[in-house]
Amino acid sequence: MQSFPTPEVWPGSAAGKTIGVLTSGGDAQGMNAALRAAVRTALFAGARPYAIMEGYQGMIDGGDGIRPFAWEDAAGILNRGGTVIGTFRSKEFETRPGMLTAAANLVNRGIDRLVVIGGDGSLTGLNQFATQWPSLLDELAAAQRITTEQRAAHPRLAFAGLVGSIDNDMVGTDTTIGADSALHRIQEAIDAISSTAASHQRCFVVEVMGRNCGYLALSAAVSGGCDYVLVPELPPADGWEQAMCEQLHRSRAAGRKESIVILAEGARTRSGDPISAEHVRATIESTLHEDTRVTILGHVQRGGTPSVYDRWAPTWLGYEAATYLLNSTSDEPGVVFGFRGENVIRVPLVQAVADTRSVPELIAKGRYDEVLALRGNEFQALARIFCEVSDPRQTVAAAGPRIAVMHAGALSPGMNIAAKTAVWLGISRGYTMVGVQDGFLGLAAGNMAELTWKDVDGWNQAGGAVLGTRRHIPEIEELYAISRSLEENHIAGLLVIGGWNAYESVELINNERSRYPGLQIPILCVPAAIDNNLPSTAMSIGADTALNVVVDCIDKVKMSASASQRCFVIETMGRDCGYLALMGGFAGGAEQVYLNETRITLEDLRADLTWVRNSFDHHGRSFFLAVRNECANPNYTTDVLARLFDEEGQGRYDTRTLTIGHIQQGGSPTPADRLLAIRLTDAAMTTVAEQISANDKVIYCVGSQGGDVVMTEINEAMKHVDSLHQRPSEEWWLPLKSVLDCVNRERA
Ligand code: ADP
């Protein structure tokens, strides 16, 4: 893995260069976003982009199979599943004659830079093609299918791969294009099945995709609060059927009303025999005498509109890949672009493909530890957490130390699942778990009670916060009552799950606690805020859910405007933090975003108004969208901006506004938010427990940075905030504003 400074593109910097983009192998939601971004980045830089239709077959077919792609060709595709340029499994491309024709067709159009969006098979093909490129061109020149000048002008094929695979199976990157959307589909299905299963007290076996990779199955089992999972990387030991049934029985005895087993399609036993959904079903039914049904989700997992992650992440990757290739001059190796946490990384393509392709072999040889190492930290953590929370060996509070869990600050989707995870992990680790109602006000009033395993079952899906939350930040005078309450209830450790006000409250406690014995306990802040404005974490629980709401609204607004000439200004939440506005605009295809972080000047507005007018007059534009953060500017309100657009439009279009409002805080948490909540809470519970045993009392903020879970002391964390604006001093997503300008806003 290699981190790197983002190379830049600027208008005209790649004039005379030609780049091809294709999608190949299995389709995945988000491929269109990557295609769109690569094409538009090339156009922005003055290069000539071509789309190659139907995967590698289009290169062989030539003609209309390799099409110049204009700005408008990539319009209106961000929200579409599949791939608009088609995908195909070309056998011909695997042959030398096929590759020769493909190379000739590329050279004849001047294409010697290629972005391929596909799975490990497609990227293997890409590497073969690039390796053979010099000899292919020699042979073509010798056969006079290309000229010697053409041969000399294209000494090498520069190439970059983006992994399109719903399975999330590429070793070396955290996520692949399409996996998050597939997880959305699976989770919607599990949540739906869960309610019907609970009504009838039934068992369900749900089979999900994933031939050699159990990522979808494992993540869905964890985020869906399921009971048992079977994945290729963790084949069950002999006698697993009995063990599974005993575990399901324990869950029912503990109070669960349904049982859901998730099966990856490639799940096998340790002897390598495939495990079928029917076998699991029949085993449960005959052993537990429960009505058991099978649901095989199949291709719905590939379908549907891409999730927000599968819009902004592939857009960013497409931009990076095109930029890399357009700047590429020397003999740089082919690379795969992907993510490590919130960072774009590039890894050598040959290594990534070889590692990925070694997995089935390692599984066949029973070398599971090596397989798990290749799958990475998150997969291992999820597997460990699932084993712990899915088996209710202990369901009531043990006599161990008492740990309290509470919320504070504004509501954020995913707070419930964080609280539930704390309770289940705490009980499993021998602690007595106590739920505090209504934030710090409730804590001061001693409003708390013990929670059992059953009390919190079913909190995975629930939006809102069952424990209640308050924005209230305690005054110094209230600290005595809080301290007394903690002492009287014998609380040895505290988890505060919440947003900015939670962090400020805990910072106050940290500064004042030498005078209050009850406050001298380990305290952990778990970040939950739709604004994504908390320190020491790249992502807060709830932000992904809110962002999906924002982009869903944008999609609907665009549809509502499709029959007329419209200008829309949409307002998002976020207070002074522009995450929802920028990322919503980025993923929703907005032409402009107005943020508090980047000042709005009259000159900027004048430029926007002129651009919009020109665009409607000369470029056939029928819709313009700006997204404004609610606190972008006190004078240039959403209404003022709309009036400016309306006035300057002079009847070219109607102007409308939409304030999305509180639905951004509601709704069932997305898979990404559930998984983040679970991972961060697991780390928080481990740290609280370690501190209780060691008699330490440090206050930490848990967070996710670069794909790792990190702990930062509260004082250190609060050094890196802009407290006036209640946001981190550095925001990793802010540079995406210039990517938005490049891919969402056609140059006038
Ligand atoms: P995925 O990319 O989803 O893993 P496949 O394994 O089916 O899908 O590969 C897609 C296409 O990539 C193949 O149909 C073929 O055109 C090309 N390809 C795969 N492997 C090779 C190879 N070794 N040499 C040339 N082309 C290949």
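The rules behind the values
- Residues numbered from 1 in each chain as written.
- Predicted model: local features only at pLDDT ≥ 70, side-chain atom pairs only at ≥ 80, totals over all residues.
- Heavy atoms only, no water.
- Near = heavy atom within 4 Å.
- Polar contact = N/O pair within 3.5 Å; in protein donor to acceptor, adjacent residues only side chain to side chain.
- Areas by Shrake-Rupley, 256 points an atom, 1.4 Å probe, with all protein chains shown as cover.
- Helix = DSSP H or I, 4+ residues; strand = E, 2+ residues; numbered from the N terminus.
- Nonpolar A, V, L, I, M, F, W, Y, C, P; charged D, E, K, R; others polar.
- Buried < 20%, exposed > 50% of the residue type's maximum accessible area, 1.4 Å probe, protein only.
- Contact = heavy atoms within 4.5 Å.
- Salt bridge = Lys/Arg side-chain N within 4 Å of Asp/Glu carboxyl O.
- Pairing = 2+ DSSP bridges.
- Axes fitted to C-alpha atoms, helices over the stretch in contact; angles between N-to-C directions.
- Expected span 1.5 Å × (residues − 1).
- Bend = angle between axes of the 7 residues up to and from the residue.
- Core = buried A, V, L, I, M, F, W, Y, C linked by side-chain atoms within 4.5 Å.
- Parallel < 35°, antiparallel > 145°, perpendicular 65-115°, else oblique.
- Left-handed = near helix turned anticlockwise from the far one by under 90°.

Draft legend 1. Structural context of the site of the ligand. The ligand sits among 16 residues. The nearest are Arg89, Ser90, Gly119, Gly121 and Ser122. Within the side chain of aspartate 120, a nitrogen or oxygen atom sits 3.3 Å from an oxygen atom of the ligand. Take glycine 121: an N or O atom from its main chain is 2.9 Å from an oxygen atom of the ligand. Calculation on the ligand without its partners gives an accessible area of 560 Å², and the protein chains cover 81% of this total. Ranked by residues supplied to the shell around the ligand, first place goes to helix 4 (residues 120-142) with 6 residues. Taken together, the residues of the shell around the ligand sort by class into 3 nonpolar, 10 polar and 3 charged.

Draft legend 2. Up close: the side chain of serine 615. Of note, serine 615 is situated in helix 21 (residues 602-618). By relative accessible area, which is 3% here, serine 615 ends up buried. Apart from the residues lying within four places of it in its own chain, the contact partners of serine 615 are Gly620 and Arg621.

Draft legend 3. Inspection of the pattern of salt bridges at higher detail. Scanning the model with the defined rule gives 43 salt bridges in all. A salt bridge links aspartate 138 to arginine 151, with the shortest nitrogen-to-oxygen separation between them at 2.6 Å. In this pair, aspartate 138 is assigned in helix 4 and arginine 151 in helix 5 (residues 148-153), connecting sequence segments 13 residues apart. The closest approach of N and O atoms between arginine 470 and aspartate 438, which form a salt bridge, is 3.7 Å. Taken as a pair, arginine 470 in the loop between helix 16 (453-456) and helix 17 (479-488) and aspartate 438 in the loop between strand 13 (432-436) and helix 15 (439-444) lie far apart in primary sequence, 32 residues in all. Judged by its relative accessible area of 37%, arginine 470 is partly exposed. Ionic contacts of the salt-bridge type, sharing partners, join the residues Asp227, Arg256, Glu258 and Asp457 into one network.

Draft legend 4. Structural detail: the sheet that holds strand 14 (residues 448-450). Spatial ordering of the open sheet is given by 14-13-12-15-16-21-22, a layout of 7 strands whose pairing is mixed. Unpaired on one side and paired on the other, strand 14 and strand 22 (708-713) mark the two borders of the sheet. Averaged over all pairs of adjacent strands, the angle between strand axes in this sheet comes to 25°, irrespective of strand direction. Summarising the sheet, strand 13 and strand 14 pair through 3 bridges and their orientation is antiparallel. Across the sheet, the residue bridging to glycine 435 is alanine 449, located in strand 14.

Draft legend 5. Structural detail: helix 11 (residues 349-364). With 16 residues, helix 11 extends 24 Å between its outermost C-alpha atoms, agreeing within 8% with the 22 Å of an ideal straight helix rising 1.5 Å per residue. Along its length, helix 11 shows its largest kink, about 30°, at serine 358, and proline proline 360 lies within four residues downstream of that point. Restricting attention to buried positions, one finds in helix 11 the residues Leu349, Ala352, Val353, Thr356, Val359, Leu362 and Ile363. In this structure, the buried side of helix 11 is in contact with helix 4, strand 5 (158-163), strand 10 (335-340), strand 11 (343-348) and helix 12 (368-375).

Draft legend 6. Geometry of the sheet that holds strand 11. One open sheet holds the 7 strands; their spatial order is 3-2-1-4-5-10-11, and the pairing between them is mixed. This sheet does not close on itself; its edge strands, each paired only once, are strand 3 (66-68) and strand 11. Each adjacent strand pair in this sheet contributes to an overall mean axis angle of 25°, direction not counted. Helix 1 (residues 31-44) rests against strand 1 (18-23), strand 2 (48-52), strand 4 (113-118) and strand 5 of the sheet, and its axis sits at about 175° to strand 1.

Draft legend 7. Fine view of the pairing of strand 11. Across 6 bridges, the pairing between strand 10 and strand 11 is antiparallel. Among the inter-strand pairings, arginine 340 is bridged to a residue of strand 11, identified as asparagine 343. With antiparallel pairing between neighbouring strands as the criterion, strand 10 and strand 11 make up a hairpin whose turn holds 2 residues, including glycine 341 at a positive phi of roughly 60°.

Draft legend 8. Broad picture of the nonpolar core. If you look at the biggest cluster of nonpolar residues, it comprises 152 residues, and the most contacted ones within it are Ile262 and Trp312. Residue contacts for tryptophan 312: discarding those within four places in its chain leaves Phe339, Leu547, Met583, Phe586, Ala587 and Trp732. Grouped together as the second largest cluster of nonpolar side chains are 38 residues, Ile66, Phe93, Trp133 and Leu137 included.

Draft legend 9. Looking closely at the packing of helix 7 (residues 215-223) against helix 13 (residues 377-390). One way to put it is that helix 7 packs onto helix 13 with a least axis distance of 10 Å and a crossing angle of 45°. Considered as vectors, helix 7 and helix 13 are oriented oblique to each other. Pair helix 7 / helix 13 crosses with left-handed handedness. Here Tyr215, Leu218, Ser219, Ala221 and Val222 of helix 7 lie close against helix 13, whose contacting residues are Phe379, Leu382, Ala383 and Phe386. Residue composition of the contact of helix 7 with helix 13, grouped by class: 8 nonpolar, 1 polar and no charged.

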